[in-house]
Amino acid sequence: MSNETIYEDLLELTITLAKERRVEALLVHVLDAALRLSRAEGAAIFTLDRLARHLHRVCFNYRGITTANQSEARISIYDKSLAPNLRDPATFAVSTSTLVAVADIDNAPGFDFDVIRDSDKAINFRTRSLTILPLTVGGEETIGILQLVNLPDRAGGSSGTLPKHVVRPMQGLASHAAAAIRNARLFEENQRLIRQLGRMNDELQQENTRLMSKAAAFKSKKPKGLIGNSAPMEKVFDLIERAAGSSVPILLRGETGTGKEMMANYIHLSSERSRSAFVAQNCAALPESLLESELFGHVKGAFTGALANKPGLVHEAHGGTLFLDEVGDMPPGLQAKVLRLLQEGEIRRVGSTKTEIVDVRIVAATNVNLEEKIERGEFRKDLYYRLNVFPIVVPPLRERPSDIPRLIDHFLTEAVGGDGERPELTADALDTLLRWAYPGNVRELKNILERAALLANRGQAIDREHLPAEISGFREETLHGAHPNHIPHGDLKSIVGQYEAMVIEARLREANWNQSHAARNLNVSRRTMVEKLNRYSIRRPGATDTATSKD
């Protein structure tokens, strides 16, 4: 083959490689050109894997049959001692970026041709001579090898090597092939990443749409009567939405009447468990034996009256939410069983030795100080830590006064139902309601308005006279007594005492004469409160000397 023909073939190959983007087709072009230039009987291309641990045969042409796909044929770069396996000619060529030319593999000491002989047996072929050119990009990075077998010799046999005038063109071919293979693979990888990015973008858009629909559904699932857009309530709603997607236990803390059960129901409706049941149980409502049977169920004959097997509330709430109200008043003997339910999801019915697995989310609520109960040994510390994974404090109504007008509107509408026109409030009554501290929180406001709606005649507006005496009386004193227009007579000590008595009585009225709540609001101990009540002879209106107030 003349030099002119060789360089024409190289030019044609260069143009073809520049146009081709498919790796398989590009490999076939390289092998065809290599076979034409070298006149070898067979050729193969091996490329390194990503970790550069093996050479994989990705394309070969023996006896005129070309196969362009990665086969199981591979050559290990390292031996068992993890040193480069330089006895294998392919490994030597790729590791040293050196051309290997062997005219007769049966008489070539220093190389191990076992891999080639094993490959020959698989395809019923015999390799006599071998030439390996490293596929090097830019003279620096070697990505594989071009292997030529059975090159013609001068005698017309197949034990030759590349002629000197063909060596440089073949090295140029290998260099062009290496760059084209790497670029084609980069192109395919980029195309794959673009497709993957497109799929991920579509999935993200679908997930975003799903989450937005879910968020809208959550808002629409807010229980009727759960009203509030004040900053404290918005914080609570935000915490609920954050916790709704998981199944971690939630502990609702807050004063009585703040709507903790309604919050628990909102948590349930906002979760993936909303299709299953929401089951509530007040832990202070039943004695320990009955509460255990109610929660976990019992088997026939477990106790007198157990005439049949009965599932518990945990079975009813399977897949859903179990709300344990007043959990701080749960009997100590039952706390260990609830702890096992939280830790292992296991329960045992009363009278049974069989353990059952249930899937429930626990939402608990309390209005007592659990930390103090733990110090007194009345509540298990380990149960507290299991329940207190995600605590949410429900604010009292006095900390969210901006919600009171909306609550008034809702409760008045609810009080009359569909039986009549909703009564209006006079400005005096509304002002009185807005000034009250509501020690009973939302529940107290609801009761006040239901009572006022019944007392007011049809068509008559609700006035201050329809409100409880302690509320209207409190407003009267705040208007006329809380800010006197003169300083009382007497020395400083007696004047301060008069003011102190006035403040204590005002706080007691705010707390509906609950001494513990009033003491907490004034940041004093209950003992100090009792001493001052006796010192200043403060009594609840209508109370006797022997029954001043009850907590």
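Reading the values: rules and limits
- Just so you know, the residues in each chain are numbered from 1, in the order the chain's sequence is written.
- Local features in a predicted model are, by the rule used here, given only for residues with pLDDT of at least 70; side-chain atom pairs are given and counted only at 80 or more, and totals for whole chains, interfaces and linings are based on all residues.
- The side-chain values count all of the structure's non-hydrogen atoms but skip hydrogen atoms and water molecules.
- Numbering of helices and strands runs from the N terminus, with a helix taken as a DSSP run of H or I at least four residues long and a strand as a DSSP run of E at least two residues long.
- Buried means the residue's accessible area, taken with a 1.4 Å probe over protein chains only, is under 20% of the maximum for its type, while exposed means over 50%, and partly exposed covers the values in between.
- By the counting rule applied here, Lys and Arg register as positive and Asp and Glu as negative, while His and the ends of each chain are not counted.
- In what follows, salt bridge is the name for a side-chain nitrogen of Lys or Arg lying within 4 Å of a carboxyl oxygen of Asp or Glu.
- Here, two residues are considered to be in contact whenever any of their heavy atoms come within 4.5 Å of each other.
- A pair of Phe, Tyr and Trp rings is counted when the ring centres sit within 6.5 Å of each other, with Trp represented by its six-membered ring. The angle between the planes then sorts it: under 30 degrees is stacked, over 60 is edge-to-face, the rest tilted.
- Nonpolar core, defined: a set of buried Ala, Val, Leu, Ile, Met, Phe, Trp, Tyr and Cys residues in which side-chain atoms within 4.5 Å join the residues together.
- Note on definitions: angles span 0 to 180 degrees between N-to-C directions of axes, and those axes are lines fitted to C-alpha atoms, for helices only across the stretch in contact.
- Oblique is the label for every angle not falling under 35 degrees (roughly parallel), over 145 degrees (roughly antiparallel), or within 65 to 115 degrees (roughly perpendicular).
- Here a crossing is taken to be left-handed if its near helix is turned anticlockwise relative to the far helix by less than a right angle, and right-handed if that turn runs clockwise.
- Classification used: nonpolar for Ala, Val, Leu, Ile, Met, Phe, Trp, Tyr, Cys and Pro, charged for Asp, Glu, Lys and Arg, polar for all others including Gly.
- Each pair of strands is called paired provided DSSP finds at least two bridges between the two strands.
- Helix span is expected to be 1.5 Å times the residue number reduced by one.

With respect to the element layout, Asp120 can be found in helix H4 (residues 114-123). Despite its burial, Asp120 remains without a salt bridge, the nearest opposite charge being carried by Arg117 at 6.8 Å. Dropping the residues within four chain positions of it, Asp120 is found in contact with Phe125, Arg126 and Thr127.

Attention shifts here to the packing of aromatic side chains. Geometry of an aromatic ring pair is reported as the spacing of the ring centres plus the angle between the planes. Following the criterion strictly, the structure yields 7 aromatic pairs and no others. Between Phe60 and Tyr62, the aromatic rings sit 5.9 Å apart at their centres with planes inclined by 75°, giving edge-to-face as the arrangement. With relative accessibility at 15%, the residue Phe60 sits in the buried group. Taking the centre distance of 4.8 Å and the plane angle of 65° together, the rings of Tyr62 and Phe125 count as edge-to-face.

Take the nonpolar core next. Grouped together as the largest cluster of nonpolar side chains are 35 residues, with contacts concentrated most on Ile45, Leu135, Leu146, Leu148, Met170 and Leu173. Of all elements in the fold, only helix H1 (3-19), helix H2 (23-38), strand S1 (42-48), strand S2 (54-62), strand S6 (130-137), strand S7 (141-149) and helix H5 (164-220) reach the threshold of two or more residues within this core. If sequence neighbours within four positions are ignored, Leu173 has contacts with Leu10, Leu13, Val30, Ala33, Ala34, Leu37 and Leu146.

Close contact between helix H6 (residues 231-244) and helix H7 (residues 260-269) brings their axes to 9 Å; oriented N to C, the two are set at 40°. Taken together, the axis directions place H6 and H7 in an arrangement best described as oblique. In this structure, the crossing between H6 and H7 has a hand that is right-handed. Residue-level inspection shows Met233, Val236, Phe237, Ile240, Glu241 and Ala244 of H6 in contact with H7, the latter providing Met263, Tyr266 and Ile267. Classifying every residue of the contact of H6 with H7 by side-chain character gives 8 nonpolar, no polar and 1 charged.

It is worth spelling out helix H8 (residues 288-296) at this point. Those residues of H8 not exposed but buried are Leu291, Glu292, Ser293, Leu295 and Phe296. Against strand S9 (278-282), helix H9 (313-316), strand S10 (321-325), helix H10 (332-344) and strand S11 (346-347) lie the buried residues of H8.

We now examine the packing of H8 against H10. Packing of H8 against H10 leaves a shortest axis separation of 10 Å and a crossing angle of 15°. One way to sum up the angle between H8 and H10 is to call them roughly parallel. Classified by chirality, the crossing of H10 by H8 is left-handed. Judged by residue contacts, Glu288, Leu291, Glu292, Leu295 and Phe296 of H8 engage Gly333, Leu334, Lys337, Val338 and Leu341 from H10. Of the residues assigned to the contact of H8 with H10, the class counts are 6 nonpolar, 1 polar and 3 charged.

Turning our attention to unusual backbone geometry. Generally, phi is negative for residues other than glycine and the peptide bonds are trans, each holding for most cases. Its identity is not glycine, yet Glu326 carries a phi of approximately 50°, on the positive side. By the secondary structure assignment, Glu326 is in the loop between S10 and H10. On the basis of relative accessible area, Glu326 is assigned to the buried category, the value being 15%. We note that Ser537 has phi near 55°; this positive angle belongs to a residue other than glycine. Looking at the element boundaries, Ser537 is found in the segment after helix H19 (526-535). Overall, the relative accessible area of 53% leaves Ser537 in the exposed class.

A separate point is the sheet that holds strand S14 (residues 390-393). Spatially, S9-S10-S13-S8-S14 is the arrangement adopted by the 5 strands of the open sheet, whose pairing is parallel. The sheet is open, and its two edges are formed by S9 and S14, each paired on a single side. The mean angle between the axes of side-by-side strands here comes to 20°, regardless of whether they run parallel or antiparallel. Direction of pairing for strand S8 (residues 250-253) relative to strand S13 (residues 361-366): parallel, over a ladder of 4 bridges. Across the sheet, residue Ile250 finds its bridge partner in S13, namely Val363. Here H7 sits on the sheet in contact with S8, S9, S10 and S13, set at roughly 150° to S8.

Our focus in this paragraph is H2. Taking 1.5 Å as the rise per residue, H2 with 16 residues should run 22 Å; its terminal C-alpha atoms sit 22 Å apart, in good agreement. Taken as a whole, H2 has its buried residues at Val23, Ala25, Leu26, Leu27, Val30, Leu31, Ala33, Ala34, Leu35, Leu37 and Ser38. Arg39 sits one or two positions beyond H2 and adopts a positive phi of about 60°.

Most of S10 is tucked away: 5 of the 5 residues are buried. As paired strands, S9 and S10 are joined by 5 bridges and run parallel to one another. Looking at S10, one finds that Asn282 is bridged to Asp325. One ladder, built from 4 bridges, connects S10 with S13; its direction is parallel. Within S13, the residue paired with Phe323 across the bridge is Val363.

Note that Ala306 resides in the loop between H8 and H9. The class of Ala306 is buried, set by a relative accessible area of 5%. Residues Ala306 and Gly351, spaced 45 residues apart in sequence, show a C-alpha to C-alpha distance of 9.8 Å. For Ala306, the contacting residues outside a window of four places in its chain are His298, Val299, Lys300 and Gly301.

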